[in-house]
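Analysis of the macromolecular model
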Amino acid sequence: MRNILRPLSLLAVFCILTFAGSIALAADVSAARIKDIAKVEGVRSNQLVGYGLVVGLQGSGDTNKTLETLSSVANMLKSFGVSVDTATLKTKNVAAVMVTATLPPFAHAGDNIDFTASSMGDAKSLSGGVLLQTPLKAGNGQVYAVAQGPIATGGYSASGRSKNITTVGTASNGAIVEQTVEDTLGQNGNISFSLDNADFSTASRIAGAINANFGGIASAASPGRVDVTIPSYYRNNIVGFVSDIENLSVVPDSPAKVVVNERTGTIVMGGNISVDKVAIAQGGLSISIDKTTDVYQPSPYSMGNTIVTKNTNTKVNEQKANTIVLNATASVNDVVGALNAVGATPRDIIAILQAMKTSGALHADLQVI
């Protein structure tokens, strides 16, 4: 379609800890269809946008302070042969909106698509309004669809109270496609597959899987693209050819990575993680300070004074550090098993992983988000 305008494998969950944090582990990588890890270049959606008017509102539209609404109403009426003075217009039942829609790939003239209308003035609500015919343009300035009809906001606004957002409305199948986007798929005798996550190994494996089934027709042009020459016997059946390729199975590859979310204490470990032999010690030091007040009263008739003393008691409790030696391993289960063995909390594990990465013992990309 003409342009008009090894993903990180998360495998079996080892354990999940609520609120305080969680750990997700990845086991062995399984095969995936090519259609799940790559897409055909040129097969994409396109964004459309237009400016229009929503009418029929119950006094919840733009006020006369919104000059673009006054001008739009005057210009719209002028196109119907009605001349008005903008100074005399009342627009409380009208709202200026921006209309957006997505043109899906391979959409044809006459197809219906959804659209969204969003207030751009000071309207309080678009509930119950009707969008007047609005051309929707792509990035190249051409009109590819026309939107019109009643919109639904999915909420309400009354007596100063509202539920959901009522200044944005949608219409299912409310726009009509006016022209078909030019389809150039396979016209030059070639198609290309773009990987969702660029990777040298995955691109090479995709090309190898295609060549194993169709001969030497595929080559990995880059880590993110595989070029395929369409065989002569498939020239009149491009859809069938792409379908056959998309359903081939490939084992995707991905770099060793550990993703840490410090805000939630979540840790996600991908596959292929390895560590060198390392010793881990984890312990804690707790200090508690108690303050007490003692009052001493003099004996009766002794003419003495009351004495008030403040005492401070400090207690220091140092927990014995748990130490474990982690041998060189390529097993994620061994890594987390060792961290659990020292009684580390998710927050502790984050600090331990960062220290292991700094020391060079953790052979993985540590990403903190």
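These remarks concern the structure in this document. The model shown is predicted, which means the values in this text are computed figures rather than measured ones.

1. Some details on the overall build of the protein chain
Within the protein chain, the secondary structure is distributed over 6 helices and 24 strands. Taken across its 369 residues, the protein chain has 36% of its residues classed as buried. Element-wise, carbon and sulfur atoms account for 51% of the exposed surface of the protein chain, whose accessible area totals about 20,500 Å².

2. A short note on the nonpolar core
Membership of the largest hydrophobic core comes to 26 residues, with the highest contact counts inside it found for Ile34, Ile206, Ile210, Val228 and Phe241. With sequence-adjacent residues up to four places away left out, valine 228 is seen in contact with Gly189, Asn190, Ile191, Phe193, Ile210, Ile217, Ala218, Phe241 and Ile245. Counting residues in hydrophobic clusters, the runner-up holds 25 residues, among them Val54, Ala123, Leu131 and Ala175.

3. Some thoughts on the side chain of threonine 69
Within the fold, threonine 69 resides in helix α2 (residues 67–79). Beyond its immediate sequence surroundings of up to four residues, threonine 69 is in contact with Tyr51, Asp62, Thr91, Val94 and Ala96.

4. A few points about the environment of arginine 235
Positionally, arginine 235 belongs in the loop between β14 (225–229) and α4 (238–246). What makes arginine 235 partly exposed here is its relative accessible area of 43%. With 48 residues separating them in the primary sequence, arginine 235 and glutamine 187 have C-alpha atoms 8.9 Å apart. If we ignore the near neighbours within four places in the chain, the residues touching arginine 235 are Gly189 and Ile230.

5. Here's the deal with the packing of aromatic side chains
In this structure the tally under the stated criterion is 4 aromatic pairs. When the centroid spacing of 6.1 Å and the interplanar angle of 70 degrees are considered together, the rings of phenylalanine 214 and tyrosine 234 count as edge-to-face. With phenylalanine 214 in helix α3 (residues 200–214) and tyrosine 234 in the loop between β14 and α4, this residue pair connects regions lying 20 residues apart in the sequence. Both residues of the pair, phenylalanine 214 and tyrosine 234, count as buried. An aromatic cluster of three or more residues is present, and its members are Phe214, Tyr233, Tyr234 and Phe241.

6. Considerations on the pattern of salt bridges
Inspection of the entire model under this criterion finds 3 salt bridges. The salt bridge involving aspartate 36 is made with arginine 33; its shortest N-O contact spans 3.1 Å. Exposure remark for aspartate 36: the relative accessible area of 43% places this residue in the partly exposed category. What makes arginine 33 partly exposed here is its relative accessible area of 35%. A salt bridge links arginine 225 to aspartate 227; its shortest N-O distance comes to 2.8 Å. The partly exposed category is assigned to arginine 225, whose relative accessible area is 29%. For aspartate 227, a relative accessible area of 22% corresponds to the partly exposed category.

7. Section: unusual backbone geometry
Positioned with a positive phi, phenylalanine 106 is a non-glycine residue whose angle comes to about 65 degrees. With respect to the element layout, phenylalanine 106 can be found in the loop between β5 (94–103) and β6 (112–119). Residue classification places phenylalanine 106 among the partly exposed positions, given a relative accessible area of 35%.

8. Quick notes on the pairing of strand β11 (residues 168–177)
Bridge analysis of β6 against β11 gives 6 bridges, and the strand direction is antiparallel. Bridging from a neighbouring strand, alanine 117 pairs with glycine 169 of β11. Relative to β11, strand β8 (residues 143–150) is paired through 3 bridges, and the arrangement is antiparallel. Its bridge partner being in β11, valine 146 is matched across the sheet by isoleucine 176.

9. Here we look at the side chain of threonine 134
When you line up the elements, threonine 134 lands in strand β7 (residues 130–137). Judged by its relative accessible area of 0%, threonine 134 is buried. A polar side-chain atom of threonine 134 sits 2.7 Å from the main-chain carbonyl oxygen of leucine 132. Dropping the residues within four chain positions of it, threonine 134 is found in contact with Gly50, Tyr51, Gly52, Val99, Ala145, Val146 and Ala147.

About the cut-offs
- Residues numbered from 1 in each chain as written.
- Predicted model: local features only at pLDDT ≥ 70, side-chain atom pairs only at ≥ 80, totals over all residues.
- Heavy atoms only, no water.
- Helix = DSSP H or I, 4+ residues; strand = E, 2+ residues; numbered from the N terminus.
- Buried < 20%, exposed > 50% of the residue type's maximum accessible area, 1.4 Å probe, protein only.
- Areas by Shrake-Rupley, 256 points an atom, 1.4 Å probe, with all protein chains shown as cover.
- Core = buried A, V, L, I, M, F, W, Y, C linked by side-chain atoms within 4.5 Å.
- Contact = heavy atoms within 4.5 Å.
- Phe/Tyr/Trp six-rings, centres within 6.5 Å; stacked < 30°, edge-to-face > 60°.
- Salt bridge = Lys/Arg side-chain N within 4 Å of Asp/Glu carboxyl O.
- Pairing = 2+ DSSP bridges.
- Polar contact = N/O pair within 3.5 Å; in protein donor to acceptor, adjacent residues only side chain to side chain.

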